Amino acid sequence: MAFWIGVSFVLWLGVFRVFLSGSIALDQDASNYYEHFKYFIDQICQGTFPLWDPNRAPGEFNELYLRRIGPYNCFYWFIPLFDRLGLSYLHAYLLFLVLYYFLGMVGFYKLAYNLFQNIYAAFAAYLLLMFSSFACLLFNSFIVLLFTPCVWFFYFWFRFSQNPSRFYCMGLTFCLMLIVSTYIPFYALTIFLSFLFWYVVFYASTLKNLLSTYSRFIRVHKACVMMCAMFVAFSLLPGLIFFSEARHGDFVLPLRSGNVASKNPLVVVSQQTNLGGIIPIDLMKDLFSNLQNSQLGVISIPCLIFPFFFLGLIVKLNKRLALLFLWALCVYVIGVYDATPFYKFLYKHVFFFKYFRNFQFFLWLVILPAFILLCMEHFRAFLNMDLSQKKPFKRMLGFIAGMYLFILWYLSRQENVISSIYVVIGLSAVFFGWLCLSRYSKNEFLPTTKQGQLLLLVLLILTVIQPFELYHYVAKNSTTLEELNPAKQYRYDAPYQSFRFIRYSENGHCGQRNEDGALTLVPRPGLTEVRNPPSIYQGTSYYFRLYQNIDQNILENYIDCKLIVYDQAQKIDDHALDFPQFSEALRKKENRVFIAAEDWQEIFSTDRQSLPQFQPILENSEEFQVIDYSMNSLTVKTGFHQDKFLVYTDSYYPGWRVRINKAQGRIVRANVAFKGVWLPAGENTIEFRFGPPWRYWMNFALMILFAGVFVYLCILGLNGISSKKASNGA
């Protein structure tokens, strides 16, 4: 089967080539995740674990984005490897997505084969999912990052239940580590618990033997089980720390949280159908009509699946069919949000339903794969039917004829059916006739025979015809890189690693020089009218408060300069701040910094010399130099003749520390939302750094742990293959 899977993958690459060329722009979540990956990979390759991102205006806690990608996945190292081999970063990233997608599809094949013990049903299931519009989600979503470890988890779990071994135990462990190291492992948890419920309902009689098998393995391999449990526990640590820190409310997620009455920004408001979820649709119509208008994110399956689906009318119902149907139906009912009472009950009584949304992802993670497996169970049962007698043979031919007449009648009532659908339906009718005649002649479809190989080839050809046309239309209707709005260009493709004194720069210029040669800050062009603040996805709670209460023109022009020096300070009541007065002071560039009463220190004397406006630092000079910079730190040297106050217009956030001349200093929250520090006169070295050392050590240790577990898993797998070959040779 390795040959046919390899051939199908090469064929898929050819069908999907327009996307893989990089000419199609990544859209929605896929674009955001590209940025998360590039930022993370760039920093790791320089030896920095990026806990902070100063490039997302005006600096953000990066842990949320790390949790979104799960930064310890050792498969991510293929991205810099491909980059070093000469690919552009975009093509290296796309190649990684393709290989990770293929890995998930191989896992789905192995899972299907484990279920059916039928190579043709498993191969057809793999092809139907591989060539579905699931592939287009690589350019629209991040679902493949969830799907691949989930499908392999189910495979290892089923194999471990049948034949417990250290290899399958370690495979289960590694997949769990990948799943729980993200901030929303709740998709996988919902999928697993819903499946487990229906498994217990239909296979309760097997539970005693199953638990006995597990117990026996634990007794024999205590050290292995304890080690695996510890690995999973370690993988949970970053997520638990993140959820614990979120309860303090130091950062906010306004777009994600909505109007939920909770201090924890990770809690989402109870979802409603009009906000998303699995919207009830005329699925059969949408899968056939107007596919010329197909876009990224629209669900579509090769139409070959529908004859397999209708076979369910003639094959016998069994537990496996019932389990797959009710499992998918259960997830669907949960996913329609308030259209049924189930979601409301779960949101109220099951804690983790308060932490995730976007249940439409279950269409791809559960409903589509379960539907394919259900149809392939029909196909498996059909292949096992005895058609050697005339009566059942004629009955089956009559059913197939009636089935195709119904399909053709249905297609005739749809709008704008693409031509490839008619081609597949016509050829598949011949295909099923051939299968019936072969079964009537008592021909066995053995994989080693020419007839068995022909069956695999026909399945491949019939599956690929429609996607070849569908992918063409999806690419045609997608935004190309050339058409991409400059405001939506990938954030980290432009140089960003070195320190820039000015955030905004037109045409690459950081301000302009006057007649004396001094660099002056140039206000952003076009910022004249008062603008209501647009919503933001993430920010610190202090910055979000400022963001909501000040004219955006004034705020954006102020934070354009990253470093500002003041000669005067004013104590304020932070809970009753006069925002119009504060806004006017920023607009006029007044030389006074506003400091909350709890951070106030009487340092500045009243008779000190003072300029009329604050002093923006626009370049290195004798008085001020940036000597070291990373995403998590900033080190500067100062040499002012009198005491000053330095504002670093990067968001104030707990966890930042400052050292002044190697002695521990104190960071002050200045101008509501930014970091500030009192500067003594004379020469000083000021070092800002985010996060305690243990956090860096923990993250790097987890990266090594994940890589070690994966290497050990590969060694166990190779040893198993060698042992199997040796036993077969003997």
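Everything below is about the structure shown above.
The notes below deal with the structure included here. Please read these numbers as outputs of a predicted model, since none were measured by experiment. (Residues numbered from 1 in each chain as written. Predicted model: local features only at pLDDT ≥ 70, side-chain atom pairs only at ≥ 80, totals over all residues. Heavy atoms only, no water.)

Here we come to the overall build of the protein chain. When helices and strands are tallied, the protein chain shows 25 helices and 18 strands. When its C-alpha atoms are laid out on the principal axes, the protein chain stretches across 110 × 60 × 55 Å. Within the protein chain, buried positions represent 55% of all 730 residues. Pairs at least 24 apart in sequence give 77% of the contacts found in the protein chain among residues at least 6 apart. Only carbon and sulfur atoms are counted for the fraction: they give 59% of the accessible area of the protein chain, which is about 32,600 Å². Of the charged side chains in the protein chain, 61 are positive and 46 negative, and the gap between their average positions amounts to 19 Å. (Helix = DSSP H or I, 4+ residues; strand = E, 2+ residues; numbered from the N terminus. Buried < 20%, exposed > 50% of the residue type's maximum accessible area, 1.4 Å probe, protein only. Contact = heavy atoms within 4.5 Å. Areas by Shrake-Rupley, 256 points an atom, 1.4 Å probe, with all protein chains shown as cover. Lys, Arg positive; Asp, Glu negative; His and termini not counted. Charge placed at Lys NZ, Arg CZ, Asp CG, Glu CD.)

A few words on helix H19 (residues 390–412). Helix length check: H19, at 23 residues, gives a terminal C-alpha distance of 33 Å against a target of 33 Å (1.5 Å per residue), a fit within 8%. Turning to H19, its buried residues number three or more, namely Phe-393, Met-396, Phe-399, Ile-400, Met-403, Tyr-404, Ile-407, Tyr-410 and Leu-411. (Expected span 1.5 Å × (residues − 1).)

Sheet topology note: the strand E11 (residues 624–630)/strand E12 (residues 633–640) ladder contains six bridges and is antiparallel. Across the sheet, the residue bridging to Asp-628 is Thr-635, located in E12. What sits between the antiparallel neighbours E11 and E12 is a turn of two residues. (Pairing = 2+ DSSP bridges.)

Membership of the largest hydrophobic core comes to 269 residues, with the highest contact counts inside it found for Trp-12 and Met-376. What Trp-12 contacts, discounting residues up to four positions off in sequence, is Val-98, Tyr-101, Met-130, Phe-131, Ala-135, Leu-138 and Tyr-471. (Core = buried A, V, L, I, M, F, W, Y, C linked by side-chain atoms within 4.5 Å.)

In spatial order, the strands read E11-E12-E18-E14-E15; together these five strands make up an open sheet with antiparallel pairing. The open sheet terminates on both sides in strands that have one partner only, identified here as E11 and strand E15 (663–664).

Next up on the list: the state of the cysteines. By definition, a disulfide links the sulfur atoms of two cysteines through a covalent bond. Across all of its chains, the model carries zero disulfides by this definition. Free cysteine Cys-150: the closest other cysteine sulfur is in Cys-175, separated by 8.7 Å. Left unpaired, Cys-224 is separated from the closest cysteine sulfur, that of Cys-228, by 4.2 Å. Owing to a relative accessible area of 8%, Cys-224 belongs among the buried residues under this scheme. (Disulfide = S-S within 2.5 Å.)

Below, the discussion takes up the layout of surface pockets. Empty space within the second largest pocket amounts to approximately 1,100 Å³. Lining of the second largest pocket is provided by 32 residues; of these, Lys-110, Trp-152, Tyr-155, Phe-167 and Ile-721 occupy positions nearest its centre. Of all the secondary-structure elements, those providing two or more residues to the lining of the second largest pocket are helix H6 (89–116), helix H8 (143–162), helix H9 (166–180) and helix H25 (693–729). Among the elements that make up the lining of the second largest pocket, the one with the highest residue count is H25 (11 residues). For the lining of the second largest pocket, a count of residues per class yields 22 nonpolar, six polar and four charged. (1 Å grid on protein atoms, 1.4 Å probe; cavity = no way out; pocket = protein on both sides within 12 Å on 5 of 7 lines; lining within 4 Å. Points joined across faces, edges and corners; volume = space filled by probe spheres on them. Nonpolar A, V, L, I, M, F, W, Y, C, P; charged D, E, K, R; others polar.)

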